[in-house]
Structures are given as structure tokens and as C-alpha cells.
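# Fold and contact review
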Amino acid sequence: MQLLFADQLGPHFELGGGILLPIVKNQFRKRRYHRQKAHLILYALRSRAQDSNVTAVELASYRDLFTGDFGASEAVNPTSYPMRRLAEALELKISPARGFCSTEKDWSDYAASAKRLRLEDFYRRQRTRLDLLMDGDQPVGGEWNFDDQNRLPPPTESLDVLGPWLPKEDELDKSVRAELDELESQGVKFVGKDGPRKFAGSRQQALQALSHFIENRLDSFGPYEDAVDQRSWAMSHSLLSAPMNLGLLDPLEVVRAAEVAYQQGKARLQSVEGFIRQIVGWRDYVWHLYWHFGEDYANKNELGANNSLPAFMAELDSGQLQANCLSSSISDLAENAWLHHIPRLMILGNHAMQRGYHPAEVNNWFIDAFVDGTPWVMPANTIGMTLYADGGLMSTKPYAAGGAYLSKMTNYCGDCPLNPKKRVGEDACPFTAGYWNFLDKNPQLKSNHRMFNAYAGLRKLNDLDQLRQQEAERNSF
Ligand SMILES: Cc1cc2nc3c(=O)[nH]c(=O)nc-3n(C[C@H](O)[C@H](O)[C@H](O)COP(=O)(O)OP(=O)(O)OC[C@H]3O[C@@H](n4cnc5c(N)ncnc54)[C@H](O)[C@@H]3O)c2cc1C
Ligand code: SF4
């Protein structure tokens, strides 16, 4: 019998025999999950449990697998260090990990041959190996990368795109909601608002969500993929990370569907390439880095950031926030358990780095508050890319940015009482002030040649003392 882990729910994880599916609700007692994330996970498990080849067992803990006779003898290699230790201790026959576009052997071959790990090199290798969007040994369209066309600020008029696929809640949603209400009445605490569910929670729904995206939204994915538009929470993003991370969709079927859409003239190349890069590039890259950097990587804190997460993040409560970008991101997160890449990186992550929140706390918060958060996806994204807490193993410089960037790539500033151009004073933008304050407080970054211009700018500030005092006294955003 195959022991199936909770993120291995699709057919591409099946080894061919019967399936044992543990359902361990006590996981929700250990961490404070977004209510909609708990809902989606439980819905997906209960839905999979209905399949005829699956035997579901309710367990208080995964450790119960050691005491009961459940007959599990094999498994697909799980996606986290603790689960791999469990599978090993249970003496299961382990098959290589699935659910990504490359194997761990593909990665070790790449890493062994690389002078330096670089997403761009890994991505090109993936495209070539998979013969994906290729014309012989050359990329279709003659370019590997259309980023220069994909960095538009938010459109003046609302984006003209059909909304995302949304599930129709069913009887299973009702019973999952009742189960979660029952847990809450027993003292389990969630954050964020309850439903309606917005993400695919079964194989059939995941296929519908994929096809809706490919047919209606992929074409406009590229140009505005880095912009944030407060009128549109999902813009042209796919919302497929959650079903992919639950194992309901095989990322290879997702990228092949995107390639076919390009071949059929349904989606422009810049969008298809941009989308495929996110999956065979970034998604696989951060997965392999989770193993490559090792388990302790999640505890790195090279900038010595030791402040606790503020209550507005921990509670997802935007009530006291003045900064429109921050307040809108927190309330959208409370509403949907999801934000696209740029609010995660350049608003919430940028804020967390500027304000020196402890990296492991930030990492765990992202895992628990986001519907697609997993232990494997987060360390490279938060510790590395977002917080620069690894001292530069993942990125060549910190993604720190002030109000100038945010006023260009988002449309929050027009409705904000603060002024992105001001670094000191009543209406100073906390991102602009925070940017200079971050540089000032981290002089060790001066030796990074990519930070040369930033520090040259800092040296020219004639109000640095005032800014230092303002930021030392700051107790609101
Ligand atoms: C601080 C931070 C936290 C993040 N947390 C998560 C997370 O918990 N789970 C998660 O899957 N992604 C995470 N990402 C990456 C990215 O933000 C999400 O994958 C994306 O926003 C999900 O929405 P989507 O499916 O509409 O993505 P789209 O914009 O439609 O992109 C397509 C797919 O590309 C993949 N992808 C793109 N970038 C990344 C990346 N950096 N890492 C991994 N996959 C990527 C995802 O599978 C995504 O579904 C995080 C990024 C940052 C900076
Ligand atoms: S002015 Fe500053 S705080 Fe306000 S929305 Fe713009 S970047 Fe955010």
C-alpha cells in the first residue's frame, strides 16, 4: 500500500497499488493557519478520500503510523525534511520525488557543472532538456527572455481580462466549514477571513482552473506580471500555485498546455515564455535550493534582524495602517489568503526586510498565511530572495525599494495620505524612509558593488540625522 502525503493528491503521484491517506487535523493546532488555507487543504484531502482506491485514516499525529498496522510499504519521496525522516523511519520503499519539472538527479547534474547557481542558466537548461518552446536548439522567437516587454506599470484603464476561475462551493465545502468551526470552538485559532473558497481543491476543479486560465487569461499574463493594480486582486495571474503545490496538477501538464496555446495562436509569446519561466524556472529552482542549501538555511539571519513580527501581520489586521500599499496588501491577504508575487516581495517582504523582522518568523508567517505556502517553497523565497538573510547565496543584492519603485509599479500611492517622494515629515512614506534607514543600518552591504549607487545616494542625504530619529521613534505605518 502506498502512503500518500497531503501534497501528493493528483494521479501523477500514484505508484499503482492501493493508497493510504492519513488525515491529521492536529496540524492545525500546531500553527496558526489562514482559515482559507486550512479549508482548502481539508477539502482537498476529503475529496481525494472519496476515490475508490484510497483508504483514508484519521490520525492524531503522523507518529501514529508507527503504532497501528496500516500496511503502508511504499511512498513517493515527500517534500520536506521532517516528512522524509518520517518516511525513512517507517522503512518505506521510497520512489523519487514527483510533482516538479526536473528530478533531483537533473539538479545535481546542473549544480555539479555550474560555476555559480543562476536561475537563468538553470531555466535555459530546463527548456532545452524538456524541448519546451524550442526551435531545434534555439528558443522559439530567438530570445530566451522577454522581460523587457513584461515590466509594464499598471494599466490606466482596468485590465481587460476575464476574471479567474472560481469554484462553486458544494456539500463538501459545507462539511469542511463545519469541521473547522468545530475546531475553532475547541480553541484552534486561525487568521484571515473564512471563504468562499477561491482555489481548486480536486483534480477535476484543477483541470477546469487550468483550462480557464489557458483559454482566457494566459495571453495577457506577461505585460503586467510585475505590476500591482488595486482594482484587480488577481490581474492575469493563474492562481494555480495552490493546486500545483497540493499535487493536483502536474506542472509539466501546465507548461505543455501553455506551449500548445502559443502554437495555436491563442497566447502571445512574451506571456507564454514569462509563464513557463515561472514554473520550469523559478518553481523548480526554489524546490531544489530547499535541498541544496540544507535544513538550517531557514534559520539564517546574516543581517542580524531580530524584531518581532508586528501585530498587523500576525493578525492580518489592516485597521491601524495608514500606508495604502501595506494596508491593502494585508486586507487582500486576509480576504483571499493569496497575493501575487510583487506584493509578497516588494510590499510585505520589502517592509519586513526594512524593519528587520526576524527571518524565521517571516518565513513561517508566509507559510501559514498563504494558501500555497509550503516548507519547501519558502526558504529560498523569503530567507534568500526577499530578506537577503542568507548574505547573498540566492540573490546578488537585496530587493530593497522605496516609494519611487512602488509609485511606478503600483497604483496605491494616489490614494495614500503619505507621499512617496518624502522621506521625512508627517507625510513621509515609510517605504522611502525605510529604504534609506535600511541602508544606514546595514553598512556591511557597502562592500557589495551592486549597492554602490545606493550608498552614494545615502551619502548625499542632508537630512539623515532627522531621518534616523524619525525612524527610531516610528511606531506606526
Ligand atoms: C515572499 C514570497 C513568498 C512566496 N510564497 C510562495 C508560496 O508560498 N507558494 C508558492 O507556490 N509560491 C510562492 N511565491 C512565489 C509566487 O509569489 C507565487 O508562486 C505566485 O504568486 C502564486 O500565484 P499564481 O499561481 O497566480 O502565480 P503566477 O503568477 O500565475 O505564476 C505561475 C506559477 O509560477 C510559479 N512560481 C512563480 N514564481 C515562483 C517562485 N518564486 N517560487 C515558486 N514558484 C513560483 C508558481 O507555481 C505559480 O503558480 C512566493 C514569493 C515570494 C517573494
Ligand atoms: S506613498 Fe508610500 S506608503 Fe503610501 S502607497 Fe505609496 S509607497 Fe505605499
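Summarised in this report is the structure supplied together with it. If you're wondering where the values come from, they're calculated on a predicted model, not measured in any experiment.

This paragraph deals with the overall build of the protein chain. Of the regular secondary structure elements, the protein chain holds 19 helices and 7 strands. Expected size for 477 residues packed as a compact globule is a radius of gyration near 23 Å; at 23 Å, the protein chain falls within 12% of this value. Its C-alpha atoms put the protein chain at 70 × 60 × 45 Å along the principal axes. Per-residue burial over the protein chain gives 58% buried out of 477 residues. Looking at the protein chain alone, contacts between residues at least 24 apart form 74% of all its contacts between residues at least 6 apart. Accessible surface for the protein chain amounts to roughly 20,600 Å². Of this, 48% is attributable to carbon and sulfur atoms. Placing the 53 positive and 60 negative side-chain charges of the protein chain at their respective mean positions leaves the two points 4 Å apart.

Here the focus is the environment of L152. By secondary structure assignment, the location of L152 is in the loop between β7 (138-139) and α6 (171-185). Remark: the alpha-carbon pair of L152 and L86, spanning 66 residues in sequence, is separated by 46 Å. Apart from residues no more than four positions distant in its own chain, L152 is found in contact with P223, Y224, A227 and M409.

What follows is about the packing of helix α12 (residues 324-336) against helix α13 (residues 341-354). In the contact formed by α12 and α13, the axes pass within 10 Å of each other and the chain directions differ by 115 degrees. Comparing their axes, α13 and α12 come out roughly perpendicular. Two packed elements cross with a definite hand, and for α12 against α13 that hand is left-handed. Residue-level contacts link C325, L326, S329, I330 and L333 of α12 to P343, I347, L348 and H351 of α13. Counted by class, the contact of α12 with α13 contains 7 nonpolar, 2 polar and no charged residues.

What follows deals with the site of ligand 2. Close contacts around ligand 2 come from A323, C325, L406, Y412, C413, C416, L418, P420, C429 and P430, and that covers them all. When its residues are assigned to classes, the shell around ligand 2 shows 10 nonpolar, no polar and no charged.

On to the site of ligand 1. Within the structure, ligand 1 sits among 29 residues, and H237, S238, L239, N245 and N381 are positioned closest to it. Measuring from a nitrogen atom of ligand 1, one finds a side-chain N or O atom of Q278 at 3.4 Å. Interatomic distance of 3.1 Å between a side-chain N/O atom of R344 and a nitrogen atom of ligand 1. Of all the elements in the fold, those that place two or more residues in the shell around ligand 1 are α8 (241-245), α10 (269-293), α13 and α15 (378-386). Residue contributions to the shell around ligand 1 peak at 6 residues, all from α10. The residue makeup of the shell around ligand 1, split by class, is 15 nonpolar, 11 polar and 3 charged.

We now examine the nonpolar core. Formed by 76 residues in total, the largest nonpolar core has its most connected members in L326, L333, L348, W365, F370, M394 and L439. Of all the elements, α13 adds the most residues to this core, at 7 residues. With residues up to four places along the chain from it excluded, the contact list for L326 reads F312, L321, I347, L348, H351, F431 and F477. By size, the runner-up hydrophobic cluster in this structure holds 62 residues, among which are L132, A206, F221 and L269.

Let us now look at the packing of aromatic side chains. The relative placement of two aromatic rings is captured by the distance of their centres and the angle of their planes. Tallied over the full model, the rule gives 26 aromatic pairs. With a centroid separation of 5.0 Å and 75 degrees between ring planes, the pair formed by W365 and F366 is classed as edge-to-face. On the accessibility criterion, F366 (3% relative accessible area) is buried. Taken together, the ring pairs in this structure connect Y81, F100, W287, Y290, W291 and W376 into an aromatic cluster. Taking NZ or CZ as reference, K37 lies 5.7 Å from the ring centre of Y33, over its face. Taking NZ or CZ as reference, R84 lies 3.8 Å from the ring centre of W291, over its face.

Between the first and last C-alpha of α6 there are 21 Å, a value that for 15 residues agrees with the 21 Å anticipated at 1.5 Å per step. Residues of α6 that are buried: L172, D173, V176, R177, E179, L180 and L183. Each buried residue of α6 sits inside an arc of 160 degrees when the element is viewed along its axis, so together they form one side. Of the exposed residues in α6, the ones pointing more than 90 degrees away from its buried face are E171, K174 and S185. Regarding α6, its N-cap is D170, as a side-chain oxygen of that residue lies 3.1 Å from the backbone nitrogen of L172 further along.

Thresholds applied
- Residues numbered from 1 in each chain as written.
- Chains lettered and ligands numbered in written order.
- Predicted model: local features only at pLDDT ≥ 70, side-chain atom pairs only at ≥ 80, totals over all residues.
- Heavy atoms only, no water.
- Helix = DSSP H or I, 4+ residues; strand = E, 2+ residues; numbered from the N terminus.
- Rg over C-alpha atoms; globule rule 2.2 N^0.38 Å.
- Buried < 20%, exposed > 50% of the residue type's maximum accessible area, 1.4 Å probe, protein only.
- Contact = heavy atoms within 4.5 Å.
- Areas by Shrake-Rupley, 256 points an atom, 1.4 Å probe, with all protein chains shown as cover.
- Lys, Arg positive; Asp, Glu negative; His and termini not counted.
- Charge placed at Lys NZ, Arg CZ, Asp CG, Glu CD.
- Axes fitted to C-alpha atoms, helices over the stretch in contact; angles between N-to-C directions.
- Parallel < 35°, antiparallel > 145°, perpendicular 65-115°, else oblique.
- Left-handed = near helix turned anticlockwise from the far one by under 90°.
- Nonpolar A, V, L, I, M, F, W, Y, C, P; charged D, E, K, R; others polar.
- Near = heavy atom within 4 Å.
- Polar contact = N/O pair within 3.5 Å; in protein donor to acceptor, adjacent residues only side chain to side chain.
- Core = buried A, V, L, I, M, F, W, Y, C linked by side-chain atoms within 4.5 Å.
- Phe/Tyr/Trp six-rings, centres within 6.5 Å; stacked < 30°, edge-to-face > 60°.
- Lys NZ or Arg CZ within 6 Å of the ring centre and 35° of its normal.
- Expected span 1.5 Å × (residues − 1).
- Arc of directions from axis to C-beta.

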